[in-house]
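Architecture at a glance
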Amino acid sequence: MDTDGTENHQTIELMDTQETDMLDSNMTTGTEDATMQQESNQMDATAVPDSNAENIEDEVRSEATFDFKIPNFSKLKDSTLSPPVMVRNLPWKIMALQRNERNSTESKSLGFFLQCNGESDLTNWSCNAVAELRLKSWIPGQEAFCRKIKHVFYSKENDWGFSYFIGWNEIMDPEKGYIKDDTIVLEVHVVAEAPHGVFWDSKKHTGYVGLKNQGATCYMNSLLQTLCFTNQLRKAVYKMPTEADDSTKSVGLALQRVFHDLQFMDKPVGTKKLTKSFGWETLDSFMQHDVQEFLRVLLDKLESKMKGTCVEGTVPHLFEGKMKSYIKCKNVDCTSNRLETFYDIQLNIKGKKNIYESFQDYIAAETLEGDNKYDAGVHGLQDAEKGVIFKSFPPVLHLHLMRFQYDPITDSSVKFNDRFEFLEQINLDPYLDQKDPKNPAIYKLHAVLVHSGDNHGGHYVVYINPMADGRWCKFDDDVVSSCSKMEAIEHNYGGVDDEMAINAKHCSNAYMLVYIRTSEIPMVLEQITPSDIPVELTQRLNEEKRLEVARRKERTEANLMIHIHVILEEVFESHASPELFDFEHSNYHQIRMKKSQTVEELLGTLSQTFKVAQNRMRIWPLVPHRNQGQKFAHFDANEDLHKQLINVDSPWYIYVEMLCPDVGGLLPSFDRKRDVFMFFKFYDPIKKCLTYLGHGQYQLATRVCDLIPHINKSLGFEATTELSVYEECPSNSVQKIINMNDTLDKVLTQLSRDNSIQGVILIFEKKIALNNSDSVDGFISNQQNVVVHPQFNHLKLELPTVDHYFRDLLHRVEILFVDKTVVNDPGFTLEISNRLSCTQMAQAVAEKINTDPNRIQFFKCVGYKDLPGNALRPLHEGSIKDLLAHGKPRMTKKVFYQILSMDINELENKRQFKCLFLASNLKDEKELVLYPNKTGTVKTLLEEASKIIEFSEDSTRKLRLVEVSSHKILSPPKEDTALEGD
């Protein structure tokens, strides 16, 4: 073997396994170079996998060793791939190719890569693996040339290895023994974790299922799996009475649901209902909570829920141990003992080699001496020993390794990743106050909870030995896979020296251990059968699943369905305001149809529903843009008869035009270039409302005056009755049509350019000719902002015309009136114009509550407090607008009021007094609100009080006024004392 070849070997650097260095110049992914095409070479290359590779059961194995023999190696140029070998249910291949070394076109090397799932089109999968890439020697007894890799394979980096694995000349040197008959053999030993993001049947491969991660709930998932495999606890949880519990708030029921699903479901289980029962909001679910605190709180909730039931005491029976805290004086006979219980033990790991050293440190005695002597009462200050000793250990022992501790230097929590060894089986007898030879404290490891990361966060997994038989499984959220005992135990000691171990990370180590007493294993891990679960609970959970499946099916079908709100003319007839109907409160006929159905099927459904022939009805879809008002689009059913409803927004509002049953014939055809479709209303100035008259189809060339006879006939007026006409526009406005001889296409402003938008609304009002210069379309203005109707005995009209009516709409406001004297009064709402006077408002309120308007006093609402403020002065001449607090235009305003015992106009000369009336028995009290004259005296005040006090028959009816200040009764004022200034 020549020296140059050896030196080349020494200059080749091992690949850095950190992902941040994956672009190291000494390695690349196999897809880096254009020459690295994933195609098989034309050479006769064969792969030699292990003998068990063809076995279907081995497809889910965690590791495998396989060879790839490459003949005609000297002719290798393009990349060549070996046949696949299945590991963790993913295909793995060896990739080899010839590479030119950097800055050299003559010096060549072998590129050697391991490819995972290379032909998959999925993008969200990943698989963590370590591997040894070996170039085998043909010389017997000579070791292979080996280099190691560690990588998380995923769609964009599905191969990993070395672009310059070994120099080409070294391989071609016969003395090195790597080539024989122009053939080399590449070998790979790969160890892989269970993949994420691809189909992995945890139930099939392990018999167990995982838990879904809500974002940062892996710590909770690890703990829930551990508690679930404490079978005796799970059995007790099943038996908790939850029949009457709220399914959204009961922690007990939520935990029953999770445990039941983990036992019987075949797919990963969700925990959203459980976290919701904790009261966690969505943000809480994305925050990692303290594991020890979470465990204690959860067990405490379960213990409380089990009280008074057949499973009371299960939690302390399984998890409660006892320890004795003591202080023992060295020089006198004085000892202080205190018995304490515990559910878990915190072990210090800093500076400790293994679990036995931590237990020894836990029970180590502390000497109290010098300034820290113990006060022994009658014995004075004494040197003493202070410590703890265990009295008993529970069947299930939870050990928290104190990897997270406070650092006073940085004033923060830090994580210790030091190596700390724990055994599969431990004997805790040395740490007991009294040992039981018949039942030694020997414990077997049941679960190892592992944290990867630092004090700011990370990832949690748990390794569990479900049957305590040495068969371990790794629970990584939704993925469960079998693993070796070494992977579960030794690899989680921390402080790993072998950086190429499959789960070896400097920051990945055990933080919690669960041991089970060997003598209690049959009890703790007793198998749970369906007969152990209460029938009522099984029925409830199955019913929940049935309803959930039904709801899921309904949601799926809802995406395939369209809701159609059918508007008939009866909706317009019941609407006495602007527009044609109320979106929120109108009664629609609702129809559900599949989006795949056609317009023809829709027409058939409408015809069958309303018992109308299809040729006697027509549909008008509502225009979705609200800024255009309630308009309808022309819809040619004949052209779109066979079109599907898939492009229609849901819900779809349509107006169905139908001929009246007493009208014969068919609906006339509609030509949007020639015709216009309109709705008609009539304004009644006495009722101050709009009345729907009907609809009509007219040609655009029709004059406005030609509509009048039809409208007069529908109103029962003489054919020659003159009417004014307005076009209703969006945003509660109208446009009066001046020239009645103009055609519709000239005067209608709401027609679209192509006349595709129909449904113009025309409003008619009666026009009366007057011989008065101040007439306004037949109404005369008077001096009180109202108009007198000449044909109705001079009836005063507040809104005489359509224009007045629509202008008033801009000033209408919704006011909530609340009685300030009634606690939590819900009040009542009125919609009135803010231009009305306060006197008119009082009249409206008085009519609503049936009282005298002159006895109502109003109070402004203090906006930021939502409380009554200053009272409105009597005889206030301002408008309602002056009384209302500023706010959003459409927001309901609030006004407070109270009903007085007198006319409000008298308040100008009155003064309010609040007094307490104390009966002769000095017990009964009653609050009085009195309104004496401002110029009155104390005698006047007493006279007012006597009017409302109910005296007993034997009473003298004499009253006295006293003032109490600082719990003292002051001298009563004389009756002639004036009230002014007091």
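Residues numbered from 1 in each chain as written. Predicted model: local features only at pLDDT ≥ 70, side-chain atom pairs only at ≥ 80, totals over all residues. Heavy atoms only, no water.

**Digging into the overall build of the protein chain**
When you go through the protein chain residue by residue, the secondary structure sums to 22 helices and 50 strands. Within the span of the protein chain, comprising 982 residues, buried residues form 47% of the whole. For the protein chain, the proportion of contacts with a sequence separation of at least 24, taken over those separated by at least 6, is 66%. If you sum the accessible surface of the protein chain, you get close to 52400 Å²; carbon and sulfur atoms cover 47% of it. (Helix = DSSP H or I, 4+ residues; strand = E, 2+ residues; numbered from the N terminus. Buried < 20%, exposed > 50% of the residue type's maximum accessible area, 1.4 Å probe, protein only. Contact = heavy atoms within 4.5 Å. Areas by Shrake-Rupley, 256 points an atom, 1.4 Å probe, with all protein chains shown as cover.)

**Things to note about the side chain of Lys324**
With respect to the element layout, Lys324 can be found in strand 11 (residues 321–329). At 3.4 Å, the side chain of Lys324 forms a polar contact with the side chain of Asp433. Apart from residues lying up to four places away in sequence, Lys324 is in contact with Asn337, Arg338, Gly387, Val388, Ile389, Lys391 and Asp433. (Polar contact = N/O pair within 3.5 Å; in protein donor to acceptor, adjacent residues only side chain to side chain.)

**Describing the pairing of strand 27 (residues 561–567)**
By the criterion of burial, strand 27 is predominantly enclosed, with six of the seven residues buried. Summarising the sheet, strand 27 and strand 28 (residues 589–594) pair through six bridges and their orientation is antiparallel. Directly across from Ile564, in strand 28, lies its bridge partner Ile591. (Pairing = 2+ DSSP bridges.)

**Brief notes about helix 4 (residues 218–228)**
Of all the 11 residues making up helix 4, 11 are buried; the element is thus mostly covered by neighbouring parts of the structure. Residues of helix 4 that are buried: Cys218, Tyr219, Met220, Asn221, Ser222, Leu223, Leu224, Gln225, Thr226, Leu227 and Cys228.

**Regarding the side chain of Glu544**
For Glu544, the position within the fold is in helix 14 (residues 535–560). Within the local environment of Glu544, its side chain forms a polar contact with the side chain of Arg257, the two groups lying 2.8 Å apart. Discounting chain neighbours no more than four positions away, the residues touching Glu544 are Ser247, Leu253, Arg257 and Lys273.

**A word on the nonpolar core**
Counting 59 residues, the largest nonpolar core has Leu233, Leu302 and Met306 as its most contacted members. Aside from chain neighbours lying at most four places away, what touches Leu302 is Leu233, Val237, Met240, Leu255 and Val315. Membership of the second largest hydrophobic core comes to 39 residues, among which are Leu90, Leu114, Ile149 and Tyr178. (Core = buried A, V, L, I, M, F, W, Y, C linked by side-chain atoms within 4.5 Å.)

**Brief notes about the packing of aromatic side chains**
All chains considered together, the criterion is met by 44 aromatic pairs. The interplanar angle of 80° and the centroid separation of 5.3 Å between the aromatic rings of Phe583 and Tyr653 together place this pair among those described as edge-to-face. Here Phe583, found in the loop between helix 15 (569–573) and strand 28, pairs with Tyr653, found in strand 31 (residues 652–658); they are 70 residues apart in sequence, far enough to count as distant. Lying over the aromatic face of Phe717, Lys766 brings its terminal NZ or CZ to 4.7 Å of the ring centre. (Phe/Tyr/Trp six-rings, centres within 6.5 Å; stacked < 30°, edge-to-face > 60°. Lys NZ or Arg CZ within 6 Å of the ring centre and 35° of its normal.)

**Observations concerning the pairing of strand 9 (residues 159–167)**
With nine of nine residues buried, strand 9 is to be regarded as a mostly interior element. With six bridges joining them, strand 6 (residues 108–116) and strand 9 adopt antiparallel strand pairing. Bridging from a neighbouring strand, Ser109 pairs with Gly167 of strand 9.

**Points about the sheet that holds strand 35 (residues 733–736)**
Judged by pairing direction, the sheet is mixed, and its five strands sit side by side in the order 33-32-37-34-35 without closing on themselves. Each having just a single partner strand, strand 33 (689–699) and strand 35 make up the two edges of the open sheet. Looking at each pair of strands side by side, their axes are set apart by 35° on average, direction ignored. Sheet analysis places strand 32 (residues 675–684) next to strand 33, joined by 10 bridges and oriented antiparallel. (Axes fitted to C-alpha atoms, helices over the stretch in contact; angles between N-to-C directions.)

**Description of the sheet that holds strand 31**
The four strands lie next to each other as 28-27-31-29, forming an open sheet whose pairing is mixed. Where the open sheet ends on each side, the last strands, each with one partner, are strand 28 and strand 29 (617–621). If you compare each strand with its neighbour and ignore which way they point, the axes differ by 35° on average. Inspection of the sheet shows strand 27 paired to strand 31 by four bridges, in the parallel sense. The residue of strand 31 that forms the bridge with Val566 is Ile654. Packed on one face of the sheet, helix 14 meets strand 27 and strand 28 and runs near 65° to strand 27.

Function cannot be inferred from these measures alone, as they are strictly geometric.
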